[in-house]
Amino acid sequence: MNSPDTSYTGRFAPTPSGPLHFGSLVAALASYLDARAAGGQWLVRMEDIDPPREQPGAADTILRALDAYGLHWDGPVMYQSNRSEAYRAALDELKQRELLYSCTCSRKKLTPYQGRYPGFCRHLSEIPQEPYSLRLKTPTRTVTFDDRIQGKQAFPLDEIGDSILLRKDGLFAYQLAVVIDDAEQGITDIVRGSDLLDSTPRQQYLRQLLDFSEPAYAHLPVILNDNGSKLSKQNHADALPLDNPLPLLVRALQALSQPVPESVYDLTVETLLQWSVDHWNIESIPSRMGIPLK
Ligand code: GLU
Ligand code: ZN
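Quick caveat, the model's predicted, so the values are computed rather than measured. (Residues numbered from 1 in each chain as written. Chains lettered and ligands numbered in written order. Predicted model: local features only at pLDDT ≥ 70, side-chain atom pairs only at ≥ 80, totals over all residues. Heavy atoms only, no water.)

1. Considerations on the nonpolar core
Judged by nonpolar contacts, the single largest core of 47 residues is most densely connected at Leu 25, Leu 29, Trp 42, Leu 66 and Leu 71. Those elements giving two or more residues to this core turn out to be helix H1 (22–37), strand E2 (41–46), helix H2 (58–68), strand E10 (216–220), helix H7 (245–255) and helix H8 (269–278). Here the element with the most residues in this core is H1; it accounts for 10 residues. Formed by 31 residues, the second largest nonpolar core is a distinct cluster that contains Ala 90, Phe 145, Phe 172 and Ile 180. (Core = buried A, V, L, I, M, F, W, Y, C linked by side-chain atoms within 4.5 Å. Buried < 20%, exposed > 50% of the residue type's maximum accessible area, 1.4 Å probe, protein only. Helix = DSSP H or I, 4+ residues; strand = E, 2+ residues; numbered from the N terminus.)

2. A look at the site of ligand 1
For ligand 1, the full set of nearby residues is Arg 11, Ala 13, Thr 15, Glu 47, Tyr 174, Val 178, Arg 192 and Leu 196. Between Arg 192 and ligand 1, the recorded distance is 2.7 Å, taken from a side-chain N or O atom to an oxygen atom. Burial of ligand 1 by the protein chains amounts to 79% of its free accessible area of 300 Å². (Near = heavy atom within 4 Å. Polar contact = N/O pair within 3.5 Å; in protein donor to acceptor, adjacent residues only side chain to side chain. Areas by Shrake-Rupley, 256 points an atom, 1.4 Å probe, with all protein chains shown as cover.)

3. Examining empty space enclosed by the protein
Evaluated as defined, the whole model comprises 1 cavity of 30 Å³ or more. Here the largest cavity is characterised by a volume of approximately 60 Å³. Around the largest cavity, the lining residues are Leu 136, Thr 138, Leu 157, Ile 160, Gly 161, Ser 163, Leu 165, Gln 175, Arg 202, Tyr 205 and Leu 206. (1 Å grid on protein atoms, 1.4 Å probe; cavity = no way out; pocket = protein on both sides within 12 Å on 5 of 7 lines; lining within 4 Å. Points joined across faces, edges and corners; volume = space filled by probe spheres on them.)

4. What about the sheet that holds strand E8 (residues 164–166)?
Sheet strands pair via backbone hydrogen bonds, and the direction of the pair is either parallel or antiparallel. Overall, antiparallel pairing links the 3 strands, which are arranged E4-E5-E8 in an open sheet. Edge positions in the open sheet fall to strand E4 (100–103) and E8, since each of these has one partner strand only. This sheet shows a mean twist of 45° between the axes of neighbouring strands, independent of strand direction. Note that strand E5 (residues 133–136) and E8 share 2 bridges and pair antiparallel. Bridged to Leu 134 within E8 is Leu 166. (Pairing = 2+ DSSP bridges. Axes fitted to C-alpha atoms, helices over the stretch in contact; angles between N-to-C directions.)

5. Concerning the packing of aromatic side chains
In the structure shown here, the tally under the stated rule is 7 aromatic pairs. Each ring, one from Tyr 32 and one from Trp 42, has its centre 5.2 Å from the other, and the planes form 90°; the classification is edge-to-face. Here Tyr 32, found in helix H1, pairs with Trp 42, found in strand E2; they are 10 residues apart in sequence, far enough to count as distant. Taken together, the ring pairs in this structure connect Phe 12, Tyr 32 and Trp 42 into an aromatic cluster. Positioned above the aromatic ring of Phe 120, the side-chain terminus of Lys 109 is 4.6 Å from the ring centre. Sitting over the ring of Tyr 117, Arg 135 keeps its end group 3.5 Å from the ring centre. (Phe/Tyr/Trp six-rings, centres within 6.5 Å; stacked < 30°, edge-to-face > 60°. Lys NZ or Arg CZ within 6 Å of the ring centre and 35° of its normal.)

6. Considerations on the side chain of Ser 163
Along the chain, the position of Ser 163 falls in the loop between strand E7 (151–156) and E8. A distance of 3.0 Å separates polar atoms of two side chains, one belonging to Ser 163 and the other to Arg 202. Once residues within four sequence positions are removed from consideration, Ser 163 is found in contact with Leu 134, Arg 135, Leu 136, Thr 138 and Arg 202. (Contact = heavy atoms within 4.5 Å.)

All quantities given are derived from atomic positions and should not be read as evidence of function.
Structure (structure tokens):
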């Protein structure tokens, strides 16, 4: 085998809140094929930093499903639950640079602002007595990036507001962990669902502050169910069957508008994936899903 091209490192970063479903298979497959077609590495990172949302055993179930679908990763799996020290160190650095502040706002108080934090606590000077989160002071600036599927993107940061990096319940926030770990793992290319598109400017800004290099992005169209809503663990998308991976791999390739070989059911999972690596064309992926897929 050729030695891997270290100029491409991709990753799949599932949250173990339940088993893999069809939507997450599409994301895993796309990032896998993109990495392998570039001769790069493909890593798996388990984003297990939110115990209240996790399901016991889900991390192992996800890894077994990836194996059954032929999506074999490089190196050891990174578990975010082991990474507290790195997250803590980044928070300390940002705190020292006076980029963080404590926020005691309740969810109820923020409801009318629809996800955009209006900065109520920015100027609090004392450490609050009640539980508080830590927010990142974010300037008025527009973050731009050129997404390989969604095209040119521009997000004014002041429409998003100051991100939470440490939650009131003491848990590290996804936005912090993902940036620290993408840098630690040397990720050059992020291929993931468009539901995370508006997290990207937050992550880009934090990367810039910490002097990390910027990965390339490809945000996939979101897979819809029969009712036209997003397939997710919350709306009970079915767990992937482990005993018969070919039909769903074929559907996942179709969802990505990739070609499917003739007599595909005569192939093994490994030969289908190799064929798909050889025929991978990210340019044919639509930016949005036209027809709801089951
Ligand atoms: N853990 C996140 C999720 O499952 C994905 C993180 C990412 O790809 O950046 O939604
Ligand atoms: Zn506040």
